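Residue-level structural notes
Here is how the chains run, residue by residue.
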Amino acid sequence: MRMNLVFFVSLAVLCGLLAEQANGQATATLTGQVLDADGSGIPAAAVTLSNVATGFERSARTDDTGLFSLRNIPLQGYELEISADGFGAHREALSLRSNVPVERLVTLQVAAQSETLEVTATDHATLIDTEATGTRAELHLNVIEKLPLPPGARGIEAILLTMPGFAANANGAIHPRGAHNQMTYVIDGMPISDQFTGSFATSIDASLVQSLELFTGDVPAEYGSKVSGVASITTRSGFDGAGKTFGFLEVGAGGFDAANTALQIGGSQGRLGYFASASAVKSNRFLDSPSLDNLHNGGNSERAFTRLDFHLSDKDFLRASAMSGRSSFQLANLRSQHANGQQQRRLLRDSAISLGWVRLLSPTTTFDTTTSYRTTIAQLLPSVNDTPVTASLARHLSTFSTFNRWNVDDGRHHLRLGVDYQRFPVSENFFFGITSAGFNDPASSSFNPNLMPFDLTRNGDWFRFSGKGTGSLFTVFAQDRLRVGRFLFNLGGRYDAYRFLVKGNQLQPRVGLAYRIDETGTVLRASYNRNYQTPPNENLLLANSEASGALAPPDVRRTLNGGVILMRPQRQNVYEVGFEQRLAGIIGLSAAYYHKNSSDLQDNDNFLNTGVIFPTSLAGSRVNGVEARLTMPEWHGWSGSLGLTHYHAVVTPPFTGGLFLGSAAVDTLSAGPFIIDHDQALSVASNLTWRPHRSWWTSWQTRYDSGLVSNPSDPAEVALDPDFFDQLPFVNLTDNPPRVKPRTIVDAAVGYEYYAGDRRTWEVVAQVSNLTDRTALYNFQSVFVGTRVVQPRSFSIKVRRHW
């Protein structure tokens with residue numbers, strides 16, 4: 001690990017010196033000057049930039065010459081308001097959609113002549129996004145920090161579940177629009193396409209986020225690899241404090257012996273901005289349990305992050321960031337495993353560094369580049385009493401990325417061209433052995449003779465697999481946002497060349513349009529995307545190895561290429577139509593219908609009850625879905641959102657890639673099209689926040705899920721199983737298809753903030769998760785993910801000291 005750190009720090013410094021970075025600074029900059037009627041600068045004028053739908057608000061004061069500057073602004077539409085004592089206010093709508101700096105020269109009239117000058121009618125214009133050609137949503141820190149997210153929650157994933165388009169699964173897993181996962185997280189320009197569920201990675205601390213923008217429809221051509229959903233995250237910057245030092249110290253505790261602490265500090269000195277954060281959390285219910293009993297389920301995680309911003313000149317901007325994470329936790333047991341003394345653990349570590357440079361080439365043109373290196377290590381540690389199998393895993397995955405962007409924004413066109421390259425070395429070591437004589441009994445009808453050499457109860461030996469490989473992805477893309485009257489056209493295309501276990505190339509048109517009806521506050525939109533989703537790298541070598549294929553039952557090996565087929569990238573067509581509507585000047589409505597069809601659909605499977613998840617693929621899928629979201633910014637102290645999601649996901653066998661171990665599962669999945677386990681008829685997510693007083697607030701979050709598809713288990717057999725019999729009341733095994741029963745989970749928080757003048761100095765927040773103590777399942781004996789139970793009611797409290 002130390003050698004890796006030395007390597008990527010040295011590499012990053014070298015890249016910075018050579019200015020060989022990529023994938024740009026995905027934020028906007030607004031500068032300007034405020035003048036009086038005589039052309040003299042107005043000092044101490046208040047400048048406020050806001051978006052009521054996302055909760056974003058940034059303020060500054062002009063200097064002695066009337067100059068102001070706002071940086072690290074998420075790309076979006078905004079309302080700009082400028083005021084000064086003795087002058088009328090100036091208000092206008094601004095579109096900040098690129099990293100090309102925007103400059104405003106504003107003249108204020110004396111108050112007697114004009115109380116307010118509105119250059120462009122605002123009327124809460126930012127309630128809807130008039131330039132979105134596909135489904136997107138955004139949340140800012142001001143909204144995120146009021147969400148009732150208890151300590152130990154999967155921070156970023158929990159935030160995404162407040163938006164439509166997702167089905168919730170265990171351990172932070174989320175299914176975007178009928179996909180298994182296939183999410184990309186872009187953190188200050190650094191893409192992360194690794195899986196972020198609790199058993200795969202240490203989640204990103206939600207308090208790092210300044211803004212989160214989610215794309216699920218008409219995904220821009222610059223994004224690739226995993227694009228069922230793209231979460232673009234802008235972290236906090238030292239320049240957010242408007243020249244002041246800021247930060248907080250947090251301590252908290254809660255149910256299941258949970259405890260957490262966090263420290264943040266940021267500020268700026270002249271052209272340098274700095275921000276750093278460290279957090280830690282522990283819990284005795286670290287992951288979601290497979291049993292109603294919470295057995296052997298403790299764990300802890302830590303996350304550190306730092307970001308530096310430096311303005312070399314008026315034309316050059318540098319950004320450097322680094323982060324690392326660690327999780328160490330027990331694997332939750334079934335009752336039979338706990339009685340046998342099983343004590344497996346997992347250890348996850350990750351480190352990353354990113355360097356970016358933005359160069360202003362002209363008033364309308366920039367070049368930006370970012371280079372990043374990320375490495376992750378995952379280990380599964382066995383114990384002497386594992387049952388029915390024991391396993392050991394050591395996986396090392398690194399990703400080197402370089403993205404280069406050329407941007408032109410002349411008011412009518414926003415042109416963006418890019419050349420990207422990613423390289424990902426992978427190494428995997430996996431051992432397993434059977435430890436229960438009944439697991440593969442020769443007298444059983446499901447006996448697999450190919451597992452006998454690894455049955456430790458019958459004089460067998462360990463199965464051992466070790467593999468290494470290096471893949472790459474080369475990309476070129478172009479996209480242009482063109483305004484023609486009330487129309488906005490998003491015209492993009494992307495070409496990917498993938499090289500790993502298989503080779504593939506794909507040209508991907510991505511086009512969309514939006515039509516604005518100003519008279520009614522309406523935007524109509526439609527889009528088509530061609531996507532090329534590369535296979536997940538986690539355990540990809542294991543799932544595509546001949547050694548693993550040799551474990552498949554004989555009938556599977558005869559039918560399916562010896563039990564393993566090399567996985568190909570998933571190809572997908574996505575069609576979407578939708579609209580946005582402003583209602584009564586205080587509510588924004590967004591709705592969409594989409595259809596997706598895919599070949600070589602990617603999914604996950606479980607390696608013989610070891611808990612090791614590996615990728616697989618099936619011939620095709622089709623998904624139809626409807627989404628809607630209502631957003632109400634603060635109005636008389638109330639604010640909130642309501643999201644509805646429906647999708648139907650049907651998969652067509654046979655298997656077309658990966659490893660196939662179970663003959664019964666292969667028989668079932670080869671019978672014909674079937675509804676996959678992350679299909680869900682309806683989910684509803686709502687959040688309501690009330691601030692009756694400046695210092696007091698309360699937030700309530702409710703989520704209804706109609707239920708994911710479960711395994712078609714025999715109820716009579718389940719009733720006799722000591723591990724699962726008491727879960728029968730929470731699953732409908734006689735339905736077609738069988739599903740876990742619907743659930744409604746309510747979370748709530750109440751907070752008090754103490755202010756010294758205009759500055760918040762400390763706060764205390766009390767939270768309750770699963771307020772009604774609802775017993776429910778995420779899934780039940782799923783072929784792909786097993787069984788997981790929703791966490792019961794728990795209370796927590798945290799205290800923050802701000803400066």
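Residues numbered from 1 in each chain as written. Predicted model: local features only at pLDDT ≥ 70, side-chain atom pairs only at ≥ 80, totals over all residues. Heavy atoms only, no water.

1. Structural notes on the overall build of the chain
Note the following rule: Working definition: helices are DSSP H or I runs of at least four residues, strands are E runs of at least two. Numbering for both runs from the N terminus. The globule rule used here is 2.2 Å times the number of residues to the 0.38 power, and the radius of gyration it is set against is calculated over C-alpha atoms. Relative accessibility thresholds used throughout: buried, under 20% of the residue-type maximum; exposed, over 50%; partly exposed, between the two (1.4 Å probe, protein chains only). Residues count as neighbours in contact if any of their non-hydrogen atoms are within 4.5 Å of one another.
For the chain, the count of helices and strands is nine helices and 43 strands. A compact globule built from 803 residues would reach a C-alpha radius of gyration of about 28 Å, and the chain, at 27 Å, matches this within 12%. Taking the principal axes of the C-alpha coordinates as reference, the chain spans close to 95 × 50 × 50 Å. Residue burial in the chain is summarised as follows: out of 803 residues, 58% are buried. For the chain, the proportion of contacts with a sequence separation of at least 24, taken over those separated by at least 6, is 68%.

2. As for the nonpolar core
Filter applied, for reference: Only buried Ala, Val, Leu, Ile, Met, Phe, Trp, Tyr and Cys residues count toward a nonpolar core, and they belong to the same one when joined by side-chain atoms within 4.5 Å.
Residues Phe-430, Phe-432, Tyr-498, Leu-551 and Phe-607 are the most contacted members of the largest nonpolar core, which totals 37 residues. At the level of secondary structure, the elements contributing two or more residues to this core comprise strand S22 (365–381), strand S23 (389–409), strand S24 (413–434), strand S25 (463–484) and helix H5 (540–543). The dominant element in this core, judged by the number of residues it contributes, is S24, at five residues. Counting residues in hydrophobic clusters, the runner-up holds 34 residues, among them Ile-156, Met-163, Val-209 and Phe-246.

3. A look at the sheet that holds strand S15 (residues 229–235)
What counts is decided by this rule: In this description, strands pair whenever DSSP reports at least two bridges between them. To get an axis, fit a line to the C-alpha atoms, keeping to the stretch in contact for a helix; angles then go from 0 to 180 degrees between the N-to-C directions.
Taken in spatial order, the five strands make up an open sheet running S9-S14-S15-S12-S13, and their pairing is mixed. Where the open sheet ends on each side, the last strands, each with one partner, are strand S9 (136–140) and strand S13 (190–192). Between one strand axis and the next, the sheet turns through 15° on average, direction left out of account. One ladder, built from five bridges, connects S9 with strand S14 (residues 209–215); its direction is antiparallel. Note that in S14 the partner of His-140 across the bridge is Ser-211.

4. Examining a nonpolar patch on the surface
Put simply, the rule reads: Patch membership needs two things, relative accessible area over 30% and no salt bridge, and members are linked within 9 Å if like-charged or within 5 Å if nonpolar (Val, Leu, Ile, Met, Phe, Trp, Tyr). In this description, accessible areas are obtained by the Shrake-Rupley approach with a 1.4 Å probe, and a residue is regarded as covered only by the protein chains that are shown. Within this document, salt bridges are pairs made up of a side-chain nitrogen of Lys or Arg and a carboxyl oxygen of Asp or Glu, the two lying within 4 Å of each other.
A cluster of nonpolar side chains, contributed by Val-419, Phe-474, Val-476, Tyr-495 and Leu-507, occupies part of the molecular surface with about 420 Å² of accessible area. Within the secondary structure, Leu-507 sits in strand S27 (residues 503–517).

5. Observations concerning the environment of Ala-766
With respect to the secondary-structure elements, Ala-766 resides in strand S40 (residues 759–769). C-alpha of Ala-766 to C-alpha of Leu-491: the two residues are 275 residues apart in sequence and 47 Å apart in space. Setting aside its immediate chain neighbours within four residues, Ala-766 contacts Ala-748, Ala-749, Val-750, Ser-796 and Ile-797.

6. Things to note about the packing of aromatic side chains
For clarity, the threshold we go by: Each aromatic pair joins two rings of Phe, Tyr and Trp (for Trp, the six-membered one) with centres within 6.5 Å, and gets the label stacked for planes under 30 degrees apart, edge-to-face for over 60, and tilted for any other angle.
All told, the structure shown has 25 aromatic pairs when counted by the stated rule. Taking the centre distance of 4.7 Å and the plane angle of 70° together, the rings of Phe-430 and Phe-607 count as edge-to-face. One end of the pair, Phe-430, is in strand S24; the other, Phe-607, is in the loop between strand S31 (587–606) and strand S32 (613–635), and 177 residues separate them in sequence. By relative accessible area, Phe-607 is classed as buried at 0%. Centre to centre, the rings of Phe-432 and Phe-607 are 5.5 Å apart; their planes meet at 70°, and the pair counts as edge-to-face. Of this pair, Phe-432 sits in strand S24 while Phe-607 is found in the loop between S31 and S32, placing the two residues 175 residues apart along the sequence. Relative accessible area serves as the criterion here: at 0%, Phe-432 is assigned to the buried category. An aromatic cluster is built from Phe-430, Phe-432, Phe-454, Phe-463, Phe-607 and Phe-614, whose rings are joined through pairwise contacts.

7. Structural notes on the environment of Leu-127
Looking at the element boundaries, Leu-127 is found in the loop between strand S8 (116–118) and S9. Residue Leu-127 is classed as buried on the basis of its relative accessible area, which comes to 6%.

8. Points about the confidence of the model for the chain
Condition: Looking at any residue, its pLDDT shows the predictor's confidence there, from 0 to 100.
Summary statistics for the chain give a mean pLDDT of 89 and a share of 93% for residues scoring 70 or more. Confidence over residues 1–24 falls short of pLDDT 50; this stretch has 56 contacts with residues more than four positions distant or in other chains. Of the regions scoring below 50 in pLDDT, residues 116–122 engages in 16 contacts with residues more than four places distant in sequence or in other chains.

9. Some points on the sheet that holds strand S4 (residues 67–74)
In a beta sheet, neighbouring strands are held together by backbone hydrogen bonds and run either parallel or antiparallel to one another. In spatial order, the strands read S4-S1-S7; together these three strands make up an open sheet with mixed pairing. Sheet topology places S4 and strand S7 (102–107) at the edges, where each strand pairs with a single neighbour. In this sheet, adjacent strand axes meet at a mean angle of 20° when their direction is disregarded. Of the strand pairs in this sheet, strand S1 (residues 27–35) and S4 are connected by six bridges, and their pairing is antiparallel. If you follow Thr-31 over to S4, its bridge partner there is Ser-69.

10. Structural notes on the pairing of strand S12 (residues 183–187)
Of all the five residues making up S12, five are buried; the element is thus mostly covered by neighbouring parts of the structure. The alternating pattern of S12 places Met-183, Tyr-185 and Ile-187 on one face and Thr-184 and Val-186 on the opposite face, and all of these are buried. Judged from the five bridges that link them, S12 and S15 form a sheet pairing that is parallel. Following the sheet pairing, Val-186 is matched in S15 by Ser-232. Summarising the sheet, S12 and S13 pair through three bridges and their orientation is antiparallel. Paired with Tyr-185 across the strands is Ile-192, a residue of S13. Counting the residues in the hairpin turn of S12 and S13 gives two residues, including Asp-188, whose phi is positive at 50°.

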